[in-house]
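# Working through the structure, step by step
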Amino acid sequence: MKALVLVGGFGTRLRPITYEIPKQLIPIAGKPMLYHVLDLLPRDVEEVVLASGYKADVLERFLEANPPGLPVRCVPEAEPLGTGGGMRNAGDGLSDPFLLLNSDVIADVDVAELLAFHEAKGGVGTMTLAEVDDPEPYGVAALDSSDRIERFVEKPKRAEAPSRWINAGLQVWRAEVLDGIPRGRPVSFETEIVPGLLAKGIYGFRSRGFWEDAGTPPRLLRAQRLLFDAGRGGHAPIPKGALGRGPIAFGRNCHAPGASFGPYVTLGDDVTVGAGAHVENAVVMDRVTIGARAVVRDSILGPGVLVADGLRIEGAVLGPGAAV
Ligand code: GDD
Ligand code: MG
């Protein structure tokens, strides 16, 4: 079995951090979201092909420096080709069937069960579906009583959504679907290709485990909470000399004597948090300095951010090197 992971998006909803870092490398619960996605794959996966594009060089360097323990290969696009175009561009030599993953999906899905379901149903594809309160930002499926998808609508208006079961971004497809995607131009797999494949049988695998698309700041922080609550963020103690409670994950060389933390915090490498400061429900990337008595809540701080003494930050996304 091989897997194709789509990693070429611009991450516009996580700017300004994604001006310099692809969103897949933003750490949540102790490691980049891409590595949590790779954790879902069977350990014996033959190859993981990353359909990359935006910031492909940054991604490739990071993967070389931090091997994820699975055989990965990047296939970058010269121009953004969309989800379908990315599949076509990177899809030569995939297995039949192959796994298709979005790289911002934080989920608890049993992939072995998904593959068995796909095999048993015998369709051209299977989409893992998650049930959400508001399906509007997603691809929405209408199912018949045998879990066959009758209709699929990408990002419908809320009133027009045919159900609350959405494409969870973890799919299985027969290799033949790649032949049906035009080459050399941007193609949305969800809007241009999936509707035409419904006649060949696409089934919905309803997942009841946790699920989140970490593509916006509030959802990224929610994904981090879900991972920590599931024990997938490790069980690190509070940094030496600091107070408060976990869950917390932190990298090398963090100094925070007299600071307080938690719950739900990731600190990268070389982070300094001043005495009397408090950090909660936050992602704090490498080389950040948080001043004494500052408060950082519900926020994502890019690498090298400097927070002044005594400042309160809530609900912020600060780009690399910002000084506030
Ligand atoms: N290679 C490549 N090229 N990858 C891309 C491109 C591209 O041009 N554009 C987006 N991607 C990647 C993103 O990096 C991400 O991993 C995945 O494709 C999906 O893109 P998003 O931008 O995150 O899409 P979305 O979240 O609005 O919607 C998608 O995911 C939802 C679930 O989270 C759709 O697949 C929906 O149907 C689905 O419900
Ligand atoms: Mg997304």
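Our subject is the structure that appears above.
Notes on the structure in this doc start here.

Parameters and conventions
Residues numbered from 1 in each chain as written. Chains lettered and ligands numbered in written order. Predicted model: local features only at pLDDT ≥ 70, side-chain atom pairs only at ≥ 80, totals over all residues. Heavy atoms only, no water. Donors = N, O, S within 2.8 Å, 3.2 Å for Na, K, Ca; no water. Helix = DSSP H or I, 4+ residues; strand = E, 2+ residues; numbered from the N terminus. Buried < 20%, exposed > 50% of the residue type's maximum accessible area, 1.4 Å probe, protein only. Near = heavy atom within 4 Å. Polar contact = N/O pair within 3.5 Å; in protein donor to acceptor, adjacent residues only side chain to side chain. Areas by Shrake-Rupley, 256 points an atom, 1.4 Å probe, with all protein chains shown as cover. Nonpolar A, V, L, I, M, F, W, Y, C, P; charged D, E, K, R; others polar. Arc of directions from axis to C-beta. Contact = heavy atoms within 4.5 Å. Salt bridge = Lys/Arg side-chain N within 4 Å of Asp/Glu carboxyl O. Expected span 1.5 Å × (residues − 1). Phe/Tyr/Trp six-rings, centres within 6.5 Å; stacked < 30°, edge-to-face > 60°. Lys NZ or Arg CZ within 6 Å of the ring centre and 35° of its normal. Pairing = 2+ DSSP bridges.

## Some thoughts on the coordination of the magnesium ion (ligand 2)
Taken together, the protein ligands of the magnesium ion (ligand 2) are Asp-104 (OD) and Asp-213 (OD), with distances of 2.1 to 2.3 Å. One end of the pair, Asp-104, is in the loop between strand E6 (98-102) and strand E7 (105-107); the other, Asp-213, is in strand E13 (residues 211-213), and 109 residues separate them in sequence. Of the two residues, Asp-104 and Asp-213, both sit in the buried class.

## Observations regarding the site of ligand 1
Of all residues adjacent to ligand 1, which total 25 residues, the nearest are Glu-77, Glu-154, Asn-167, Glu-190 and Asp-213. A distance of 2.7 Å separates an oxygen atom of ligand 1 from a polar backbone atom of Gly-82. Calculation on ligand 1 without its partners gives an accessible area of 740 Å², and the protein chains cover 91% of this total. Among the residues forming the shell around ligand 1, the class breakdown is 8 nonpolar, 9 polar and 8 charged.

## What to know about helix H4 (residues 111-121)
Each α-helix winds once per 3.6 residues, and so residues spaced three or four apart point in a common direction. Among the residues making up H4, those that are buried are Val-111, Leu-114, Phe-117 and His-118. For H4, the buried positions fall inside an angular range of 115° around the axis, keeping them on one side. In H4, those exposed residues whose orientation departs by more than 90 degrees from the buried face are Ala-112, Glu-119 and Ala-120. Considering only its buried residues, H4 is in contact with E6, strand E8 (125-131), strand E11 (165-173) and strand E12 (202-206). Taking the backbone nitrogen of Ala-112 as reference, a side-chain oxygen 3.1 Å away marks Asp-110 as the first, capping residue of H4. Where H4 ends, the next residue or the one after it, Gly-122, has phi of about 75°, a positive value.

## Some points on the pattern of salt bridges
Evaluation of the coordinates by the stated rule reveals 20 salt bridges. Ionic pairing is found between Arg-164 and Glu-131, a salt bridge with its closest N-O pair at 3.6 Å. Of this pair, Arg-164 sits in the loop between strand E10 (149-154) and E11 while Glu-131 sits in strand E8, placing them 33 residues apart in sequence. Asp-269 serves as the salt-bridge partner of Arg-252, at 3.0 Å between the closest nitrogen and oxygen. In this pair, Arg-252 sits in the loop between strand E15 (248-250) and strand E16 (260-261) while Asp-269 sits in the loop between strand E17 (265-267) and strand E18 (272-273), placing the two residues 17 residues apart along the sequence. Relative accessible area serves as the criterion here: at 62%, Arg-252 is assigned to the exposed category. Among the ionic contacts, a cluster of salt bridges with common partners joins Glu-212, Asp-213, Arg-219 and Arg-222.

## Observations concerning helix H7 (residues 217-229)
For H7, which comprises 13 residues, the first-to-last C-alpha distance of 18 Å matches the rise-based estimate of 18 Å (1.5 Å per residue) to within 8%. Taken as a whole, H7 has its buried residues at Pro-217, Arg-219, Leu-220, Leu-221, Ala-223, Gln-224, Leu-226, Leu-227 and Phe-228. Once H7 ends, the next one or two residues include Gly-231, with phi positive near 80°.

## Some points on the packing of aromatic side chains
Within this structure, the stated rule accounts for 6 aromatic pairs. Geometrically, the ring pair formed by Phe-228 and Tyr-264 is tilted, given 6.3 Å between the ring centres and 45° between the ring planes. Taken together, the residues span a long stretch of sequence, with Phe-228 in helix H7 and Tyr-264 in the loop between E16 and E17 at a distance of 36 residues. Summarising the burial analysis for this pair, Phe-228 and Tyr-264 share the class buried. Taking the ring centre of Trp-165 as reference, the NZ or CZ of Arg-206 above it sits at 5.1 Å.

## Quick look at the sheet that holds strand E20 (residues 289-290)
Whenever strands of a sheet pair, they do so through backbone hydrogen bonds, lying parallel or antiparallel. If you walk across this open sheet you meet the 3 strands as E18-E20-E22, and the pairing is parallel. This sheet does not close on itself; its edge strands, each paired only once, are E18 and strand E22 (306-307). Taken together, the 2 bridges between E20 and E22 define a ladder with parallel strand orientation. Among the inter-strand pairings, Ile-290 is bridged to a residue of E22, identified as Val-307.

## Side note on the environment of Leu-143
When you line up the elements, Leu-143 lands in strand E9 (residues 139-143). Along the sequence, Leu-143 and Ala-90 sit 53 residues apart, while their C-alpha atoms lie 30 Å from each other. Leaving out residues up to four positions away in the same chain, Leu-143 has contacts with Leu-129, Arg-148, Ile-149, Glu-150, Gly-204 and Arg-206.

## Re the environment of Gly-246
Checked against the element boundaries, Gly-246 lands in the loop between strand E14 (243-244) and E15. A sequence separation of 18 residues divides Gly-246 from Phe-228, and the C-alpha atoms of the two residues are 9.1 Å apart. Contacts of Gly-246, omitting those with residues within four sequence positions, involve Ile-238, Pro-263 and Tyr-264.

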